[in-house]
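# Observations on chain architecture
The lines below spell out each chain.
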Amino acid sequence: MREMIYDFTTHSLYYENQGIDVPNFSLTIDTLEMVFELQTGKLLCVQGFFPLIQAAKSNIHLPTYDKKDYLLHNFDLSTCNQNEVYNLTKKIPQTQKYFEKKFVKYDREKGIIQIGHEMKKQETVIEVNNNILCGLDQNLDLKCVYIIPTRFIETTIRF
């Protein structure tokens, strides 16, 4: 299993062994990169420079979720090129209301990072893998991303 690491010394989120061996492209939420398979639109991983310094310190409760792949919904994959990076809210404008103001929470005790809006009970949450959960609104548009790194590399600064 690949380990997802959050490094407080460099404010970065990455995998110990990247291992992406299919053509892919990325959609970004601010500086967080969501990597998708080019042919299917399947979410492969998240990574990038992602400072938690200004994240709201909060107790995060993970909603009920189903384990399955997260595939981009109502998205024309032919508009993307291999290894290119695009802004999520420009490619999928209906997500702007959830991510236009970078809303990030961090639960230090549980080691969970939340990006986007709170999920409602009737909305769908998908566990992509042990490190990523995607919350979808009633139209199946991305509303929230929960990131649960396998381990953290700490700094001497406490938040």
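Below you will find a few notes about this structure. Remember, predicted model here, so these are calculated numbers, not experimental data. (Residues numbered from 1 in each chain as written. Predicted model: local features only at pLDDT ≥ 70, side-chain atom pairs only at ≥ 80, totals over all residues. Heavy atoms only, no water.)

## Details of the nonpolar core
- Within the largest apolar cluster, 42 residues are counted, with the highest numbers of intra-cluster contacts made by Phe-25, Tyr-70 and Leu-142.
- Within the second largest apolar cluster, eight residues are counted, among which are Ile-60, Ile-112, Cys-144 and Ile-148. (Core = buried A, V, L, I, M, F, W, Y, C linked by side-chain atoms within 4.5 Å. Buried < 20%, exposed > 50% of the residue type's maximum accessible area, 1.4 Å probe, protein only.)

## Overview of the pattern of salt bridges
- According to the stated counting rule, one finds seven salt bridges in the structure shown.
- The salt bridge involving Arg-151 is made with Glu-3; its shortest N-O contact spans 2.6 Å. In this pair, Arg-151 is assigned in strand β14 (residues 151–153) and Glu-3 in the segment before β1 (4–7), connecting sequence segments 148 residues apart.
- One salt bridge in this structure joins Glu-16 and Arg-151, with 3.1 Å as the shortest N-O distance. (Salt bridge = Lys/Arg side-chain N within 4 Å of Asp/Glu carboxyl O. Helix = DSSP H or I, 4+ residues; strand = E, 2+ residues; numbered from the N terminus.)

## What to know about the pairing of strand β5 (residues 43–49)
- Counting buried positions over the seven residues of β5 gives six, a clear majority of the element.
- Relative to β5, strand β4 (residues 32–37) runs antiparallel, the two sharing four bridges. What sits directly across from Met-34, in β5, is Val-46.
- Connecting β4 to the next strand, β5, in antiparallel fashion are five residues, including Gly-41 with a positive phi near 80°. (Pairing = 2+ DSSP bridges.)

## Comments concerning empty space enclosed by the protein
- With the rule as written, the count across this model stands at one cavity of 30 Å³ or more.
- A volume near 50 Å³ is recorded for the largest cavity.
- If you go around the largest cavity, the residues you meet are Tyr-70, Leu-72, His-73, Ile-92, Thr-95, Leu-140, Asp-141 and Leu-142.
- Partitioned by chemical class, the residues of the lining of the largest cavity number five nonpolar, two polar and one charged. (1 Å grid on protein atoms, 1.4 Å probe; cavity = no way out; pocket = protein on both sides within 12 Å on 5 of 7 lines; lining within 4 Å. Points joined across faces, edges and corners; volume = space filled by probe spheres on them. Nonpolar A, V, L, I, M, F, W, Y, C, P; charged D, E, K, R; others polar.)

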